[in-house]
Amino acid sequence: MRIGFGTRFGNKAAGTAIRAEDGDADPRRAVRRGKYVWIGTAALLAIAVPLSSGAAYAQPLEVLIERLDRLERENRQLRKEIDGLKAARSEAARPAVAPRGIGESGYVRWNPAYGYAVLDPTSGIDRKQRLILDRKKRGTLAPDSVHVHGAVTAVANYQTSNRADKFGYLMRHPTASNQVGKDVSEAAIHSAQLGFTALLGDWIVGHAAMLFDPEQSFGAGTNTDLERNQVQVRRAYVLFGDLARAPLFASLGKMAVPFGLTDTVNPFTASTVWHAFGGLANGAAVGYAGEGLNLTAMAVQGGAQFRAANAPVKGTDVPSRLNNFALDANYTVRLGKGGTFLAGASYLHGSAYCQDFPIAHFMPCRDNNPAFDLYGRLVLDDLTLKGELARTLDVWPGTFNPDMPRFRASKVTSFDIGARYRLVSDPAPFDLSAEFSRFVAGPDGAPWERQDQFVVGAAWFARPSVKLFAEYVRVHGFAPLNFMSGGSVRDARGNVMMDRTISDAGARSNVFLLGVNAAF
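Just so it is clear, the model here is predicted, and its values are computed rather than measured.

Time to look at the overall build of the protein chain. Scanning the protein chain for helices and strands turns up 5 helices and 21 strands. For the protein chain, restricting intrachain contacts to residue pairs at least 6 apart in sequence, the fraction spanning at least 24 positions comes to 63%. Approximately 25,800 Å² of the protein chain is accessible, and the part contributed by carbon and sulfur atoms is 59%.

Position of Val286 among the secondary structure elements: in strand S9 (residues 280-289). Taking C-alpha positions, Val286 is 7.6 Å from Leu248, a pair spaced 38 residues apart along the chain.

For the structure on display, the rule yields 1 disulfide. Between Cys354 and Cys365 runs a disulfide, and the two sulfur atoms are separated by 2.0 Å. Given an S-S torsion of about 55 degrees, the disulfide between Cys354 and Cys365 has right-handed geometry. With Cys354 in the loop between strand S14 (339-348) and strand S15 (371-380) and Cys365 in the loop between S14 and S15, this pair connects stretches of sequence that are 11 residues apart. In this pair, the class of Cys354 matches that of Cys365, namely buried.

In this section: the packing of helix H3 (residues 112-119) against helix H4 (residues 128-138). It is at 10 Å that the axes of H3 and H4 come closest, and there the two elements cross at 160 degrees. Relative to H4, H3 is oriented roughly antiparallel. By crossing handedness, the relation of H3 to H4 is classed as right-handed. Each of Ala113, Tyr114, Ala117 and Val118 in H3 lies in contact with H4, whose residues at this interface are Lys128, Leu131, Ile132 and Arg135. Here the residues of the contact of H3 with H4 are counted per class, giving 6 nonpolar, no polar and 2 charged.

Now for the environment of Arg490. Mapped onto the fold, Arg490 is located in the loop between strand S20 (466-478) and strand S21 (504-519). A residue is classified by how much of its surface remains accessible, and Arg490, at 53% relative accessible area, is exposed. In this structure, Arg490 is in contact with Asn495, Val496 and Met497, ignoring residues within four places of it in sequence. Engagement of the side chain of Arg490 in a polar contact is seen with the backbone oxygen of Gly494, the distance being 2.8 Å.

The next subject is H4. Along H4, the residues classified as buried are Lys128, Gln129, Leu131, Ile132, Leu133, Arg135 and Lys136. At its buried positions, H4 is contacted by H3, strand S5 (183-199), strand S6 (204-212), strand S7 (231-241) and strand S8 (248-256). Within two residues after H4, Gly139 carries a phi angle of roughly 100 degrees, on the positive side.

Turning next to a nonpolar patch on the surface. There is a patch of nonpolar side chains on the surface, built from Leu248, Tyr288, Leu293, Leu295, Tyr331, Val333, Leu335, Phe341 and Leu380 and spanning about 750 Å² of accessible area. Here the nonpolar patch takes 3 residues from strand S13 (residues 324-335), the largest share from any one element. Structurally, Leu248 is set in strand S8. For Leu248, a relative accessible area of 53% corresponds to the exposed category.

With that out of the way, let us pick up the confidence of the model for the protein chain. Summing up the model confidence of the protein chain, the mean pLDDT is 86 and the portion of residues at 70 or higher is 84%. In the model, residues 1-58 has pLDDT below 50 throughout and makes 54 contacts with residues more than four positions away in sequence or in other chains. Across residues 94-100, where pLDDT falls below 50, the model places 7 contacts with residues more than four positions away in sequence or in other chains.

Any two side chains of opposite charge can pair, on the condition that their charged atoms come close. Inspection of every chain in the model, using the stated rule, returns 15 salt bridges. Close ionic contact of Arg127 with Asp328 constitutes a salt bridge, the shortest N to O distance being 3.4 Å. Here Arg127, found in the loop between H3 and H4, pairs with Asp328, found in strand S13; they are 201 residues apart in sequence, far enough to count as distant. Under the relative-accessibility criterion, Asp328 is labelled buried at 7%. A salt bridge links Arg163 to Asp504; the nearest nitrogen and oxygen atoms lie 2.7 Å apart. With Arg163 in the loop between strand S4 (145-161) and S5 and Asp504 in strand S21, the pair connects residues that are 341 residues apart, well separated along the chain. Asp504 gets classed as buried once you look at its relative accessible area, which sits at 15%. One salt-bridge network, held together by shared partners, links Lys136, Asp202, Asp242 and Arg245.

Turning our attention to the packing of aromatic side chains. For the coordinates displayed, the defined rule picks out 12 aromatic pairs. Both rings, one in Phe325 and one in Tyr347, keep their centres 5.8 Å apart while their planes meet at 40 degrees; by these two values the pair is tilted. Residue Phe325 is located in strand S13, and its partner Tyr347 is located in strand S14; the two are separated by 22 residues in the primary sequence. Relative to Trp448, the ring of Phe407 has its centre 5.5 Å away and its plane inclined at 75 degrees; by these criteria the two rings are edge-to-face. Of this pair, Phe407 sits in the loop between strand S16 (383-392) and strand S17 (413-424) while Trp448 sits in the loop between strand S18 (430-440) and strand S19 (450-463), and the two are 41 residues apart along the sequence. The pair formed by Phe407 and Trp448 is uniform in burial state, with each residue classed as buried. Linked through ring pairs, Phe259, Phe277, Tyr353, Trp396 and Phe439 together constitute an aromatic cluster. The lysine or arginine in question, Lys254, covers the ring of Phe306, its NZ or CZ lying 3.9 Å from the ring centre. Looking at Arg307, its charged tip hangs above the ring of Trp274, at a distance of 4.1 Å from the centre.

Rules of the game
- Per chain, residues are indexed from 1 in the order of the written sequence.
- Local features in this predicted model are restricted to residues of pLDDT 70 or higher, and side-chain atom pairs are both shown and tallied only at a pLDDT of 80 or more, whereas totals for entire chains, interfaces and linings draw on every residue.
- Calculation of side-chain values draws on the structure's entire complement of heavy atoms; hydrogens and water are dropped beforehand.
- Helix and strand assignments follow DSSP, with helices taken as H or I runs no shorter than four residues and strands as E runs no shorter than two, numbered in order from the N terminus.
- Here, residues are in contact when the closest pair of their heavy atoms is within 4.5 Å.
- The Shrake-Rupley method, run with a 1.4 Å probe sphere, supplies the accessible areas, and residue values consider only the shown protein chains as cover.
- For this text, the term disulfide refers to a pair of cysteine sulfurs within 2.5 Å.
- Between buried and exposed lies partly exposed: a residue is buried under 20% and exposed over 50% of the maximum accessible area for its type, with that area taken using a 1.4 Å probe on protein chains only.
- What counts as an axis is a line fitted to C-alpha atoms, over the stretch in contact for a helix, and the angles between N-to-C directions run from 0 to 180 degrees.
- Oblique is the label for every angle not falling under 35 degrees (roughly parallel), over 145 degrees (roughly antiparallel), or within 65 to 115 degrees (roughly perpendicular).
- It is the rotation of the near helix from the far one that decides the hand of a crossing: anticlockwise by less than a right angle makes it left-handed, clockwise makes it right-handed.
- Here the nonpolar group is Ala, Val, Leu, Ile, Met, Phe, Trp, Tyr, Cys and Pro; Asp, Glu, Lys and Arg are the charged ones; every other residue, Gly included, is treated as polar.
- A 3.5 Å cut-off defines polar contacts: any pair of N or O atoms within that distance qualifies, except that in protein one atom must be a possible hydrogen donor and the other a possible acceptor, and neighbouring residues in sequence count only when both atoms are side-chain atoms.
- Residues form patches when they are more than 30% accessible in relative terms and have no salt bridge. Like charges link within 9 Å. Nonpolar side chains (Val, Leu, Ile, Met, Phe, Trp, Tyr) link within 5 Å.
- The term salt bridge refers to a pairing of a side-chain nitrogen on Lys or Arg with a carboxyl oxygen on Asp or Glu at a separation within 4 Å.
- Per-residue confidence from the prediction method is given by pLDDT, with values spanning 0 to 100.
- Stacked, tilted and edge-to-face pairs are distinguished by plane angle, under 30 degrees for stacked and over 60 for edge-to-face with tilted covering the rest, among Phe, Tyr and Trp rings (Trp via its six-membered ring) whose centres lie within 6.5 Å.
- Both a distance and an angle decide whether a charge sits over a ring: NZ of Lys or CZ of Arg must be within 6 Å of the ring centre and within 35 degrees of the ring normal.

Okay, structure coming up:
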C-alpha cells in the first residue's frame, strides 16, 4: 500500500490519500485501518512541537510512551491483515492440483471418449493396438496409470420371417432355441463389456476386456440359459511400443486377427464380412505404424480358434502349434483438410472354412484353406464410403453333400459396400447410414447359396460416449454355419435325413430395432 501525506488543520486531523495495490481485497477497509495510524501521528506532532520550542506541556512522559506503543500495535495489526489478504488472493489464483488416486489425474483413470473407441465393435475392430499406441502418443493415456473402461448395449426389436423359426439376422444367433414362429420380439441386453488399459512405463501396455454376450454366445440353450450367460475374456494381451520414439510395436496374447477391415458403417449391426471372416485368436503380432503405411503380421495359434481361424495340427483341432498366420498391409492418403483414402490387402493362411461334411463349429480339418481380403475406405468431410471383398482360395469341402451331389463344393465369398453421412456435427452428432453385404457359400440354386443383408441406420450421439440408434434390416436367405449343407434335419422317428438341410435360400426376414450403446 502506498500512502501520501497531506497537511490539513482545523477541526480535522491530517488528511491522507491511500491507493490500493494488488492484494488488497477491500481498499475501503485499508483506508479505515490506515486512519488510526495518521491520527496517532498527528497526536505525536502536537506533543513534539511544543516540547521542541521549550513551551511548558502538561502531558507526562508515560502518556507519550503509551500512545507510541498503541500506534506501533495498530500498525503491526494493519500490516498483518494486508499480508493476509494478499496471501488469500494468491492462493485463490493458484491452479488446483488433483489428488493422486481415482479420477482423471490419478493413477486409476477413465476417459469416456477413449473407452467408447477401444470397445467399439463397429470400427477399428482389428486395429485396437494401433488405437492404444496413438492415444498414448497424443498424451490421452499417460505413463504409469490404469484406464478403466466399460460399455453396455441394450436393444429392443421386432422381427418377422416368411419361414417359421428361420430368422437370418446374425446379431442374434439364428436358432430355433430363441426364435419360434414367424414373428419374434425382445428387449434385452445384447452385450456388456468391462476392461482396462494399464500403461507400465513408456513402452509396455497391458490391455484386457471382458465380454458378456448372451445374444451371440456359442453356448447351448435359450438366451437365459446359464451356459449362454457367461462372462469371457474377449481380448487380453501385452503391447510393446512407443510411437513417439519408433514406429514399431508388438503384442502377445488373445487378440483380433489382422485380416481385412471388417468394420461397418452401421450404428449396430455388423457387416456380413465380419461375421464370415472376423478372426479372434491367440498369437503374437508385430507391426509397423507409419504416417501412411501400416504393416501387421501375426503368428496365429493352430487348431480351431475362437473365431474365423483354423489350421489343423496333425489332423486335429488341438492348438498345440503356431502353424497359422495372417498378414495385413494398408496405406492411407490424405485428401486436403478433411479427407482420407485407405486401401489395404490381407492374407490368412488358415480360414475357418476347411471342415468336411457335415459342418459344425470348431471341428478339425484335413487341410487349411487360405483366404485373402481387399478393402478400401474414403472419407470426405462428413461422408464415409467403404467397400470390402474377402474370399477363400480353395473350396470349402463341407459345402458338398454326397446325398445332394448336384450341388458341388464352393469357395466362400463375402463382400460389403456402405455409406455414412454425418447430417449434424455439433453439438450432438447425428449419422445416417446404409450398407449391403453378402455371404456366398454354395453354387447357384443351392439352399445354402447365399445370405444377403441390407441395413439402413440412424445414430444420435447424446454424449461423445453414448449412442442411441435405430435400424431397419432386411435379410434374404437363411444359411447358418452349423449343418449348413445338411446333416441335422430329422424325420418323425428321429432319423437324420441326409438329403435335407435347414438352409433356405427363399427365407426373408425383417428387423425393426432400437438400441443404445453407453460407454465410459
